[in-house]
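Residue-level structure breakdown
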Amino acid sequence: MAPSAVPIHGNYHGYYAKRPSVNDPRLEVLPTATFTNKRVLDVGCNEGWVSCEIAQSHGASKVVGVDIDDMLVRAAWRRRRTVWSAQGPPIDEETDATGTSRKRKRAPNPVGEADYFPASCAHSLGPLPIPPSAPHLFPHNVSFRTADWVNDTIPEDEGGYDVVLGFSITKWIHLNGGDAALKTFFGRVAAVLPPGGQFVVESQAWETYRKAKRMDKKLRDMAQGLALRPDDFPRLLAEIGFGEPVRLGSVGDGGFHRPVDLYTKL
Ligand SMILES: C[S@@+](CC[C@H](N)C(=O)[O-])C[C@H]1O[C@@H](n2cnc3c(N)ncnc32)[C@H](O)[C@@H]1O
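A brief look at the structure comes next. (Residues numbered from 1 in each chain as written. Predicted model: local features only at pLDDT ≥ 70, side-chain atom pairs only at ≥ 80, totals over all residues. Heavy atoms only, no water.)

1. Observations regarding the environment of Gly 65
- Looking at where Gly 65 falls in the secondary structure, it is placed in strand S2 (residues 62–67).
- Each C-alpha atom of the pair Gly 65 and Ala 147 lies 10.0 Å from the other, and the pair is 82 residues apart in sequence.
- Leaving out residues up to four positions away in the same chain, Gly 65 has contacts with Asp 42, Cys 45, Ser 51, Ser 143, Phe 144 and Arg 145. (Helix = DSSP H or I, 4+ residues; strand = E, 2+ residues; numbered from the N terminus. Contact = heavy atoms within 4.5 Å.)

Take a look at the structure:
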């Protein structure tokens with residue numbers, strides 16, 4: 001997608017400066033093992049902060065972030081390098097009650113401490129090289145694609161996923177493509193998940209559509225014809241094979257205070 005002056009897809013640049021998300025609170029309300037050894041698709045990954053956090057700190061075997069805006073996807077690849085460069089060496093020591101450090105057997109999935117090296121290291125010395133390692137280990141377990149995921153497939157879709165994330169994206173799909181696009185999106189999520197697969201949605205409230213409509217005439221015109229509302233999402237998802245959602249909580253500050261819902265495919 002060519003960069004547009006108006007972020008009509010919610011393709012905000014510098015989004016995570018406004019929405020600080022190291023230890024993203026939306027991930028913290030999820031059940032602990034949600035991502036452990038799971039293949040995850042992050043739809044609308046923006047600059048990749050959430051995708052990288054899941055890949056680094058939540059034990060996912062594979063995370064694919066997809067975004068409609070190629071500049072954001074490039075930034076996501078840079079973010080991956082930044083997060084890697086701040087990560088410490090694999091932890092292979094433990095300290096006993098007396099404070100004595102003892103060697104222990106290296107864990108099968110050794111992960112270094114996040115934010116071990118200060119950002120100034122990578123700034124002044126350049127990012128750390130990424131050595132080869134197993135594909136399920138960070139940062140090899142996270143990659144990014146540019147695509148309009150409502151209308152286009154990406155190669156990874158073929159193998160399916162265990163978890164799909166849809167954080168702060170339903171409004172943008174709805175306003176750009178109408179009720180039909182939203183149904184297509186939900187249908188595609190159902191198609192890439194096996195029974196038991198999970199769809200995590202943080203949807204924007206209907207009242208917030210008003211501000212987005214003011215961005216652009218296309219969105220304003222589209223909004224006129226919308227019959228569906230965010231309250232209809234559980235019914236729509238039930239019609240295509242998801243169970244009742246579990247509301248995990250409402251997190252985020254100010255305008256970002258939104259509910260996080262977990263749907264399981266039956
Ligand atoms: C408001 S941002 C949310 C970013 C991220 N999911 C989060 O909540 O931290 C919405 C993102 O969805 C992307 N997006 C919108 N429509 C999309 C589509 N059809 N396919 C892929 N990405 C899309 C935008 O480019 C933008 O980066």
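2. Structural notes on the site of the ligand
- Neighbouring the ligand are 20 residues; Tyr 16, Arg 26, Gly 44, Asp 67 and Phe 167 lie closest to it.
- Interatomic distance of 2.6 Å between a side-chain N/O atom of Tyr 16 and an oxygen atom of the ligand.
- A distance of 2.7 Å is found between a nitrogen atom of the ligand and a backbone nitrogen or oxygen belonging to Gly 44.
- Counted by class, the shell around the ligand contains 11 nonpolar, 6 polar and 3 charged residues. (Near = heavy atom within 4 Å. Polar contact = N/O pair within 3.5 Å; in protein donor to acceptor, adjacent residues only side chain to side chain. Nonpolar A, V, L, I, M, F, W, Y, C, P; charged D, E, K, R; others polar.)

3. Focus on the nonpolar core
- Grouped together as the largest cluster of nonpolar side chains are 36 residues, with contacts concentrated most on Leu 41, Trp 149, Phe 185 and Phe 199.
- Elements with a minimum of two residues in this core: strand S1 (39–43), S2, helix H6 (170–192), strand S7 (198–202), helix H7 (209–213), helix H8 (217–224) and helix H9 (233–239).
- Ranked by residue count, the leading element in this core is H6, at 10 residues.
- What Trp 149 contacts, discounting residues up to four positions off in sequence, is Leu 41, Val 43, Val 66, Ile 154, Asp 157, Phe 185, Arg 188, Val 189 and Val 192.
- In terms of nonpolar packing, the next biggest core, distinct from the first, is built from 27 residues, Leu 30, Cys 52, Val 83 and Leu 262 among them. (Core = buried A, V, L, I, M, F, W, Y, C linked by side-chain atoms within 4.5 Å. Buried < 20%, exposed > 50% of the residue type's maximum accessible area, 1.4 Å probe, protein only.)

4. Comments concerning the side chain of Ser 51
- Looking at the element boundaries, Ser 51 is found in helix H3 (residues 49–57).
- In this structure Ser 51 comes out as buried when scored by relative accessible area, which is 0%.
- Contact partners of Ser 51, with chain neighbours within four places excluded, come to Asp 42, Cys 45, Val 63, Gly 65, Val 142 and Phe 144.

5. A short note on the environment of Lys 18
- Among the structural elements, Lys 18 can be located in helix H1 (residues 15–18).
- A sequence separation of 134 residues divides Lys 18 from Asp 152, and the C-alpha atoms of the two residues are 29 Å apart.

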